[in-house]
Amino acid sequence: MKKRIGILTSGGDCPGLNCVIRAAVSHATRTYNWEIVGIPYATQGLLERKTVPLSIHGWDLRGIDPLLNMGGTILGSINKGDTLAHADEILAGYEAIGLDALIAVGGDGSLNIIHQLAVLGNWNLVAIPKTIDHDVAFTERSIGFDTAVNTIVDAINRLIFTAASHDRVMILEVMGRSTGHLALHSGIAGGADVILIPELPYNIQGMCNHLTELRDCWQKKFAIIVVAEGISVCSEDANNPSTCTTTKCGQGQYIAEKIANCSHHLIDTRVSVLGHIQRGGIPSALDRLTATMFGKVAIDLIAQEKYDQMLAWQNGKVVTLPIQDVINNNPSLVDPQGDLVQTARSLGIYIGE
Ligand code: F6P
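Note that the structure is predicted; figures quoted are calculated from it, not measured.

J.: Give me the packing of helix α5 (residues 145–166) against helix α6 (residues 181–190): which residues, what numbers.
T.: Two numbers describe how α5 lies on α6: the axes approach to 9 Å, and their chain directions differ by 45°. It follows that α5 is oblique to α6 by the angle criterion. The chirality of how α5 crosses α6 is right-handed. Side by side, α5 and α6 meet where Phe145, Ala148, Val149, Ile152, Val153, Ile156 and Ile160 of the first sit next to His181, Leu182, His185, Ser186, Gly187, Ala189 and Gly190 of the second. When grouped by side-chain class, the residues that make up the contact of α5 with α6 number nine nonpolar, five polar and no charged.

Here is the structure:
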C-alpha cells in the first residue's frame, strides 16, 4: 500500500537537518514509491494543517544537490511556546493532513513534546536525534554536533594566533545550557588550557593558579579558555556550592572579571561569545553521513511498521530504541569520570575540581 509520510524538524536548528530530509525523501520515493510531505515549523505546521510537497525532482544525482551542503532546515523549526496547550488543535491537524507515519527530527525537549502528542493521537512516530548540545541519551552521534565542534575548533584556531601575539588569555563562550559536551570536545580538539563545563565545579583560584603556572613555569604567556554558557557562576569558595547560581548569559565575561581580580589585573583577557555562529553553517562530512543514514533507516522502520522508536548511533551502526526510554534518561550529561575528562586532565587542562 502506498504510504503518505510526514517529516518535520523541531527545536533549535543545526547543520545536517536538510541531509535527513534529502535521504528520507530519496529513499521513500526511489525504494518504496511513497509520498513524503514536509510539515513546516514543526507542530505549528500540524496545527495550521500545512504541508510542503517534497520530491526528488531538483536534487537527484544528475544535478547540483541543494540540500546536502545547506545548513538550517528548509522546513523551518520552532523551539519556543507552550505546544501542549494546543494539543487538541495539533491532533486535529494531524488527522486532517492524513499521514500514515511521521518522522520527527528533534532534540531533548522537542522529542519529549512530540512523543507526548504521538501517544495522545496514536501517531506512528519515528524520531531522529539532532542537537548541537549532544544531550540526547543513548546515542553516540546526534546531528549537528560534529559541525558545531568543528566551528568552535575553527574559532579557537583563530584566537590562538591573536592570543599569542598579545600574550593574552582568550575566553571563548560556547553553547551548552545544561551540558558541556560541546565545550569539552572542542576544547580538547582545539588545544584549550582551561575548559569549564556545567557538570564540573570549578575554583577561580585554582584556575588562576593554573594560568600563572603556565606563564611562570612553562613560559606560555597566552592561554585559551573555553567556557560553556551553562556553567554555574560561583563564589570563590568552591567548598560551598550553595553560593553557585546559573545565569542565562555572560559567563565568559564573569570569568574574565574573576581572572582580572585574582591576577591583580596582570593577566589581560578578552572575551568572545560564539553564539549562533556555532549553530549555522555547512554540515560536516560526519553530520552528513549520520543524517543520511538516519534518514534512510527511518524510512525502513516505517516499512516494517516499527513505531515509537528513536534512531541512535551505537558501536558504529544505527540502532533503534523506544522513545520513552530515551526521554527517561535525558539530558545526557558529561561523565565527570569519563575518558574525555580524564584525557583533558592528563593533558594538563584545567577542567574543574
Ligand atoms: O539547545 C540548543 C541550543 O543551541 C543551546 O545550546 C542554546 O542555549 C539554545 O539552543 C539557544 O536557543 P535560541 O536559538 O532560542 O537562542
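From this point, the discussion proceeds with the structure in view.
J.: Describe in detail a nonpolar patch on the surface, supporting the description with residues and values.
T.: Side chains of Leu286, Leu289 and Met293 sit close together on the surface and give an oily, nonpolar patch of about 240 Å² of accessible area. Structurally, leucine 289 is set in helix α9 (residues 285–303). By relative accessible area, which is 48% here, leucine 289 ends up partly exposed.

J.: Break down the pattern of salt bridges for me, with residues and values.
T.: Opposite charge on two side chains allows them to pair when their charged atoms are near. In this structure the tally under the stated criterion is 10 salt bridges. Here lysine 3 makes a salt bridge to glutamate 305, at a shortest N to O gap of 2.6 Å. Here glutamate 305 lies in the loop between α9 and β12 (309–314) and lysine 3 lies in the segment before β1 (4–9), a separation of 302 residues in the sequence. Residue glutamate 305 is classed as exposed on the basis of its relative accessible area, which comes to 52%. With its nearest N and O atoms 2.6 Å apart, the salt bridge here joins aspartate 300 to lysine 296. With aspartate 300 and lysine 296 both in helix α9, this residue pair falls four residues apart, about one helical turn. Judged by its relative accessible area of 14%, aspartate 300 falls in the buried class. Several salt bridges converge on common partners, so that one network encompasses Arg168, Asp268 and Arg270.

J.: Can you break down the state of the cysteines residue by residue, with the values?
T.: Throughout the structure, instances matching the rule amount to one disulfide. Between the sulfur atoms of cysteine 208 and its disulfide partner cysteine 262 the distance amounts to 1.7 Å. Judged by the torsion about the S-S bond (-45°), the cysteine 208/cysteine 262 disulfide is left-handed. Taken together, the residues span a long stretch of sequence, with cysteine 208 in helix α7 (residues 204–218) and cysteine 262 in helix α8 (residues 251–262) at a distance of 54 residues. The thiol sulfur of cysteine 14 is not disulfide-bonded, and the nearest other cysteine sulfur, from cysteine 19, lies at 9.8 Å. Judged by its relative accessible area of 0%, cysteine 14 falls in the buried class. We classify cysteine 19 as buried; its relative accessible area is 0%.

Reading the values: the criteria
- By convention here, each chain's residues receive numbers from 1 onward along its written sequence.
- In keeping with the predicted nature of the model, local features appear solely for residues at pLDDT of at least 70, side-chain atom pairs appear and are counted solely at 80 or more, and the whole-chain, interface and lining totals rest on all residues.
- Based on all heavy atoms of the structure, the side-chain values leave hydrogens and waters out of the count.
- Think of each axis as a best-fit line through the C-alpha atoms, taken over the contacting stretch in the case of a helix, with angles from 0 to 180 degrees between the N-to-C directions.
- We count a stretch as a helix when DSSP gives it H or I for four or more residues in a row; a strand needs E for two or more, and each element gets its number in order from the N terminus.
- Roughly parallel refers to an angle under 35 degrees, roughly antiparallel to one over 145, roughly perpendicular to one between 65 and 115, and oblique to any angle outside these ranges.
- By definition, turning the near helix anticlockwise from the far helix through less than a right angle yields a left-handed crossing, and turning it clockwise yields a right-handed one.
- Residues are treated as being in contact if the distance between any of their heavy atoms lies within 4.5 Å.
- Note on residue classes: Ala, Val, Leu, Ile, Met, Phe, Trp, Tyr, Cys and Pro are nonpolar, Asp, Glu, Lys and Arg are charged, and everything else, Gly too, is polar.
- Each patch is built from residues that are more than 30% exposed by relative accessible area and take part in no salt bridge. Like charges join if they lie within 9 Å; nonpolar side chains (Val, Leu, Ile, Met, Phe, Trp, Tyr) join within 5 Å.
- Where accessible areas are quoted, they stem from the Shrake-Rupley method and a 1.4 Å probe; at the residue level, only the protein chains shown are allowed to cover.
- One speaks of a salt bridge when a side-chain nitrogen belonging to Lys or Arg is within 4 Å of a carboxyl oxygen belonging to Asp or Glu.
- The rule is simple: take the accessible area with a 1.4 Å probe, protein chains only, and divide by the maximum for that residue type; under 20% is buried, over 50% is exposed, in between is partly exposed.
- Throughout, a disulfide means two cysteine sulfur atoms within 2.5 Å of one another.

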